[in-house]
Amino acid sequence: MCRLLAYLGSPVSLEHILYKPEHSLIVQSYQPREMNSGVVNADGFGMGWYHTHKDTAPYIYKNTLPIWNDINLPHLSRYVESSCILGYVRSATIGQALDFANCQPFNHENWLFLHNGFIENFRQTLHRRIRSTLTPEFYDKIYGSTDSEHLFALLLSQRQINKHRPPEYALRTTLLAIAELAKRHQIKVLANIILSDGKRLIASRFAVGAANPSLYWIRDDLNFPNSVIIASEPLFPGNWNPCPENSIISVGEDCDIKIEQIY
């Protein structure tokens, strides 16, 4: 089980969101409080952020080292500032390779994608089924072996098929399709997902056949005014709200929050 973080709001430094909170993503990598499985998140990490002024593709920094062992990240974090930041520390599913191709966030054009969870026995159950439903463009753009990247490819395929609908629709149809397959194969699926184009955050807290992984949101905290943070665990004491189980959370450019049940 991984730990996720997403920030949208007034520009902040990466250092401020990543290192300053008392239960930061760094701390969660070695001392998580609410993981359903695993003990630490030492199998790599990734950060993604958007330029505060230019309309350009997001920037990504990844490593297969534990986040606490990366000697470059503290220095980089002092000079990176953004109004939209996504972060992730990885606890790899048994059998999945520890390499850069499997590190998140995954990216396509201006979209960044994070996934916390797993598809039970992925290679033996839903691997071929998911690939058979992908559009040709995204079938050919899977470079790693994780269930997470396949979920992203499925979501992008749904976006392509339903191009006139909002991205929340693609996320919902993706999760419903996975839920149907999971029930048919009698397996567990955990799918906390965060998706962003730099101007909004779209997240899900979702599970089939198991307890939902933890996910929280907070808006306009005194230390982070005019902002929304979504995280696997609260980063600091404050008015954190648990995201409802089996729901999609949307955060707009003005930090308005909408929550809809998936079913």
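Source: prediction; values computed, not measured. The numbering scheme is per chain: residues are counted from 1 as the chain's sequence reads. Owing to the predicted nature of the model, reporting of local features is limited to residues with pLDDT of at least 70; listing and counting of side-chain atom pairs is limited to 80 or more, with chain, interface and lining totals taken over all residues. Side-chain measures here rest on the full set of heavy atoms in the structure, leaving out hydrogens and waters.

## Remarks on unusual backbone geometry
Looking along the chain, the bond that leaves Q104 and enters P105 is cis, with omega of 5°. Runs of E in the DSSP output that reach at least two residues are strands. Runs of H or I that reach at least four are helices, and both are numbered from the N terminus. Turning to its location among the elements, P105 is positioned in the loop between β4 (81–89) and β5 (106–108). With a phi close to 50°, N121 is a non-glycine residue in the positive phi region. Along the polypeptide, N121 turns up in the loop between β6 (111–119) and α4 (127–132). Accessibility expressed as a relative area gives 45% for N121, which makes it partly exposed. A positive phi is found at Q186, a non-glycine position, where the angle reads about 55°. Checked against the element boundaries, Q186 lands in the loop between α7 (167–185) and β7 (189–196). Each residue is placed in one exposure class: buried if its accessible area under a 1.4 Å probe, protein chains only, is under 20% of its type's maximum, exposed if it is over 50%, and partly exposed if it falls in between. Residue Q186 is classed as exposed on the basis of its relative accessible area of 73%.

## Re the nonpolar core
Side-chain atoms within 4.5 Å link the members of a nonpolar core, which is a set of buried Ala, Val, Leu, Ile, Met, Phe, Trp, Tyr and Cys residues. Residues F113, I119 and I130 are the most contacted members of the largest nonpolar core, which totals 33 residues. Sorting the residues of this core by element identifies β6, α6 (147–161), α7 and β7 as the ones contributing at least two each. Among the elements that take part in this core, α7 stands out by supplying seven residues, more than any other. Formed by 25 residues, the second largest nonpolar core is a distinct cluster that contains W49, I67, L235 and F236.

## Focus on the packing of aromatic side chains
Centres within 6.5 Å are what make two rings of Phe, Tyr or Trp a pair, Trp counting through its six-membered ring; a difference in plane orientation under 30 degrees is then read as stacked, over 60 as edge-to-face, and the rest as tilted. Throughout the structure, instances matching the rule amount to eight aromatic pairs. Taken together, the ring pairs in this structure connect Y7, F224, F236 and W240 into an aromatic cluster. In this scheme, Lys NZ or Arg CZ marks a charge over a ring once it lies within 6 Å of the ring centre and within 35 degrees of the ring normal. Stacked on the ring of Y139, the Lys or Arg R131 has its end atom at 4.3 Å from the ring centre. The ring of Y169 has R165 sitting right over it, with the charged end atom 4.2 Å from the ring centre.

## Structural notes on the sheet that holds strand β10 (residues 216–221)
One requirement defines pairing of two strands: DSSP has to find at least two bridges between them. As summarised here, the arrangement of the seven strands in space is β3-β2-β4-β1-β11-β10-β12, forming an open sheet in which the pairing is antiparallel. Two strands close off the open sheet at either side, each with one partner strand: β3 (59–63) and β12 (241–242). By the bridge criterion, five bridges tie strand β2 (residues 45–49) to β4 in an arrangement that is antiparallel. Paired with G46 across the strands is Y88, a residue of β4.

## Topic: the side chain of S232
Assignment of secondary structure puts S232 in the loop between β11 (224–231) and β12. Polar contacts involving the side chain of S232 include one to the main-chain amide nitrogen of L4, which spans 2.9 Å. Dropping the residues within four chain positions of it, S232 is found in contact with C2, R3, L4, Q28, N116, S214, L215 and Y216. Two N or O atoms count as a polar contact when they lie within 3.5 Å, although within protein this holds only if one can serve as hydrogen donor and the other as acceptor, and sequence-adjacent residues are included solely when both atoms are side-chain atoms. Pairs of residues are marked as contacts when any of their non-hydrogen atoms sit within 4.5 Å.

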